[in-house]
Amino acid sequence: MVGSDRRRFDQALAKIAITTREKVTDEIFDVYFDALKDIEIDPILQALEKLIKTAKFFPKVGEIRGLARPVLPPYRQRFLDGEPVKEIGAVERKQLGL
């Protein structure tokens, strides 16, 4: 996410606060935005929309992150995280676009 996404993020997070009846401070909004800013806004908003409908309690950052970043095969996750990927097969190379 980037700074211009902040308003949309805050609005979606505020909806969850309302549905879970949680009082959320400006500091919490700041911490959540900073903790999730490495993920694009659209997957974050989709995750927050799911949580608005399903969460019984105000979600932790990890819950939002887990919904926004689906579980990937380990080699793919390492690639996305910037780690060197060693000895992958032709199928994995094709999936990674290499």
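Residues numbered from 1 in each chain as written. Predicted model: local features only at pLDDT ≥ 70, side-chain atom pairs only at ≥ 80, totals over all residues. Heavy atoms only, no water.

**Here we look at the packing of aromatic side chains**
Working step 1: Scanning all chains against the criterion turns up 2 aromatic pairs.
Working step 2: Where Phe9 meets Phe33, the ring centres are 5.5 Å apart and the plane angle is 65°; that geometry is what we call edge-to-face. Note that Phe9 is positioned in helix H1 (residues 6-19) and Phe33 in helix H2 (residues 26-36), a separation of 24 residues in sequence.
Working step 3: According to the relative accessible area criterion, Phe9 is buried, its value standing at 0%. (Phe/Tyr/Trp six-rings, centres within 6.5 Å; stacked < 30°, edge-to-face > 60°. Helix = DSSP H or I, 4+ residues; strand = E, 2+ residues; numbered from the N terminus. Buried < 20%, exposed > 50% of the residue type's maximum accessible area, 1.4 Å probe, protein only.)

**Structural notes on the environment of Pro59**
Working step 1: Here Pro59 is to be found in the loop between helix H3 (41-54) and helix H4 (61-68).
Working step 2: With 43 residues separating them in the primary sequence, Pro59 and Ile16 have C-alpha atoms 8.3 Å apart.
Working step 3: In this structure Pro59 touches Ile16, Tyr32, Leu51 and Ile64, once residues within four positions along its chain are discounted. (Contact = heavy atoms within 4.5 Å.)

**Quick word on the environment of Gly66**
Working step 1: In this structure, Gly66 sits in helix H4.
Working step 2: Residue classification places Gly66 among the partly exposed positions, given a relative accessible area of 44%.
Working step 3: When the C-alpha atoms of Gly66 and Ala47 are compared, they prove to be 8.4 Å apart, with 19 residues separating the residues in sequence.

**Concerning the nonpolar core**
Working step 1: Of all hydrophobic cores here, the largest spans 22 residues; its most connected members are Phe9, Leu13, Ile44, Leu48 and Ile64.
Working step 2: If you list the elements that add at least two residues to this core, you get H1, H2, H3 and H4.
Working step 3: Element by element, the count of residues in this core is highest for H3, at 7 residues.
Working step 4: If we ignore the near neighbours within four places in the chain, the residues touching Leu48 are Phe9, Ala12, Leu13, Ile16 and Ile64. (Core = buried A, V, L, I, M, F, W, Y, C linked by side-chain atoms within 4.5 Å.)

**Some remarks on the packing of H1 against H2**
Working step 1: Running from N to C, H1 and H2 point in directions that differ by 120°, and their axes come no closer than 11 Å. Regarding the angle of H1 to H2, the classification is oblique. Relative to H2, the crossing made by H1 is right-handed. The segment H1 lies against H2, with Arg6, Phe9, Asp10, Leu13 and Ala14 engaging Phe29, Asp30, Tyr32, Phe33 and Leu36.
Working step 2: Across the contact of H1 with H2, the residue classes break down as 7 nonpolar, no polar and 3 charged. (Axes fitted to C-alpha atoms, helices over the stretch in contact; angles between N-to-C directions. Parallel < 35°, antiparallel > 145°, perpendicular 65-115°, else oblique. Left-handed = near helix turned anticlockwise from the far one by under 90°. Nonpolar A, V, L, I, M, F, W, Y, C, P; charged D, E, K, R; others polar.)

**Considering unusual backbone geometry**
Working step 1: Positive phi, normally seen in glycine, also occurs at Arg21, with a value near 55°.
Working step 2: Within the element layout of this structure, Arg21 appears in the loop between H1 and H2.

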